[in-house]
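# Residue-level structural notes
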Amino acid sequence: GVKPIGYLILPKTKDGLLSYNGRVYRGAIWLKPVRTGAETSFQAINLVDLEDYLLSVVPSEMPTSWHIEAVKAQSIAARSYAVANYWKNERDNYDVKDTTEDQVYLGVESETATGNQACDETAGVVLKHNQKVISAFFHSTSGGATEVGENVLGKEIPYVQSVADYDDSSPHFAWQRKFAVSQAEKAFGLKTGSLLSIQPFWKVASNRVKQAAVVSLDNTTIVTGERLRQLF
């Protein structure tokens, strides 16, 4: 027989809402079967109009108590990112994730009147480069400067350049985290008592570490700044 591709749950009315796992959503929900060995679970995919999706994303990514023009700018960036990343996860039959891996999406609970206004007043507006909608990256805090595309994604992105970012009033602007030497040795797979130092020796213009040398009694290993961040 034909295997089902899942179950589509629709609201009772055109403007109706759906509840799933304690959250309320616009649109429809597709419960897609996911088979792991002999077990079958379901992946919930929200099928939602782009503009309805943004009503949740914008307040989830920026306080809508900020100036309406800032919220409108966020609306345009979020819309551009979503459009540029259509079918990003095509293999899994959905576009974007609802986390910071793409954009935070919490459903109806995060919607606000100001956010709705900003989305409505910018409806359909996107950012383009060479007539192509751009993946408009945004962030909470950059630590003083944004980064050029090639230092993050390994390729030049003309519209992603390093510029000064005056975000020093953010509580995340400067911070510290301490680790024991034994924790660092474990992270690098070194023998206990063998780590001598970690020396950043290549920094890019924004003062971020590009490469560092991990010096132990046995050898010296070169690691990227990104790898250091992932390890710790």
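This text gives an overview of the structure that appears in the document. Keep in mind that what you see is a predicted model, and the values were worked out from it rather than measured.

## Points about the overall build of the protein
In terms of regular secondary structure, the protein is built from six helices and ten strands. Since a compact globule built from 232 residues should have a radius of gyration of about 17 Å, the 22 Å found for the protein marks it as more spread out than a globular shape. C-alpha extents for the protein along the principal axes are approximately 70 × 50 × 35 Å. The buried share among the 232 residues of the protein stands at 32%. Sequence-distant contacts, at least 24 apart, represent 48% of the contacts inside the protein between residues at least 6 apart. In the structure as shown, the protein presents an accessible area of about 15300 Å², 52% of it carried by carbon and sulfur atoms.

## Notes on the environment of K88
Assignment of secondary structure puts K88 in the loop between α2 (68–84) and α3 (113–121). Taking the C-alpha atoms as reference points, K88 and D102, separated by 14 residues in sequence, lie 9.8 Å from one another. Those residues in contact with K88 that lie beyond four places of it in its chain are Y81, D95, E101 and D102.

## Some words on the pairing of strand β8 (residues 195–203)
For β8 and strand β9 (residues 209–216), the ladder comprises seven bridges, and the chain directions are antiparallel. By the bridge assignment, Q199 is partnered in β9 with A213.

## Details of the pairing of strand β4 (residues 28–36)
Where strand β1 (residues 7–9) meets β4, three bridges bridge the pair, whose relative direction is antiparallel. For Y7, the partnering residue across the bridge sits in β4 and is L31. Sheet topology places β4 next to strand β5 (residues 39–47); nine bridges connect them, and they run antiparallel. Residue pairing across strands places A28 opposite L47, the latter belonging to β5.

## Some details on the sheet that holds β1
With respect to topology, three strands assemble into an open sheet ordered β1-β4-β5, the strand pairing being antiparallel. Because the sheet does not close on itself, it has two edges, and the strands there are β1 and β5. Each neighbouring strand pair of the sheet contributes to a mean axis angle of 25°, computed without reference to strand direction.

## As for the packing of helix α1 (residues 50–61) against α3
Relative to each other, α1 and α3 sit at 130°, their axes nearing to 9 Å. When the axis of α1 is compared with that of α3, the two are oblique. Seen from above, α1 lies across α3 with right-handed handedness. Along its contact with α1, which presents E51, L54, L55, V58 and P59, the element α3 presents G115, N116 and C119. Taken together, the residues of the contact of α1 with α3 sort by class into five nonpolar, two polar and one charged.

## Details of the packing of aromatic side chains
Under the counting rule described, the total for this entry stands at six aromatic pairs. With a centroid separation of 5.9 Å and 55° between ring planes, the pair formed by Y7 and F42 is classed as tilted. Here Y7 is found in strand β1, whereas its partner F42 is found in strand β5, with 35 residues between them in sequence. Where F179 meets F232, the ring centres are 4.9 Å apart and the plane angle is 55°; that geometry is what we call tilted. With F179 in the loop between α4 (150–153) and α5 (181–188) and F232 in the segment after α6 (225–231), this pair connects stretches of sequence that are 53 residues apart. On the basis of relative accessible area, F179 is assigned to the partly exposed category, the value being 38%. The exposure class of F232 is partly exposed, given its relative accessible area of 27%. The structure contains a cluster of three or more aromatic residues connected by ring pairs, namely Y25, Y53 and Y105. Geometry around W202 places K210 over its ring, the cationic atom sitting 6.0 Å from the centre.

## What about the packing of α2 against α3?
The interhelical angle for the contact between α2 and α3, taken along N-to-C directions, is 60°, at an axis separation of 8 Å. Considering their axes alone, α2 and α3 lie oblique with respect to each other. The way α2 lies across α3 gives a crossing that is right-handed. When α2 is examined against α3, the residues I68, V71, K72, S75 and R79 are found in contact with a partner set consisting of T114, G115, Q117, A118, C119 and E121. Its residues assigned to classes, the contact of α2 with α3 shows four nonpolar, four polar and three charged.

What counts as what
Residues numbered from 1 in each chain as written. Predicted model: local features only at pLDDT ≥ 70, side-chain atom pairs only at ≥ 80, totals over all residues. Heavy atoms only, no water. Helix = DSSP H or I, 4+ residues; strand = E, 2+ residues; numbered from the N terminus. Rg over C-alpha atoms; globule rule 2.2 N^0.38 Å. Buried < 20%, exposed > 50% of the residue type's maximum accessible area, 1.4 Å probe, protein only. Contact = heavy atoms within 4.5 Å. Areas by Shrake-Rupley, 256 points an atom, 1.4 Å probe, with all protein chains shown as cover. Pairing = 2+ DSSP bridges. Axes fitted to C-alpha atoms, helices over the stretch in contact; angles between N-to-C directions. Parallel < 35°, antiparallel > 145°, perpendicular 65-115°, else oblique. Left-handed = near helix turned anticlockwise from the far one by under 90°. Nonpolar A, V, L, I, M, F, W, Y, C, P; charged D, E, K, R; others polar. Phe/Tyr/Trp six-rings, centres within 6.5 Å; stacked < 30°, edge-to-face > 60°. Lys NZ or Arg CZ within 6 Å of the ring centre and 35° of its normal.

All quantities given are derived from atomic positions and should not be read as evidence of function.
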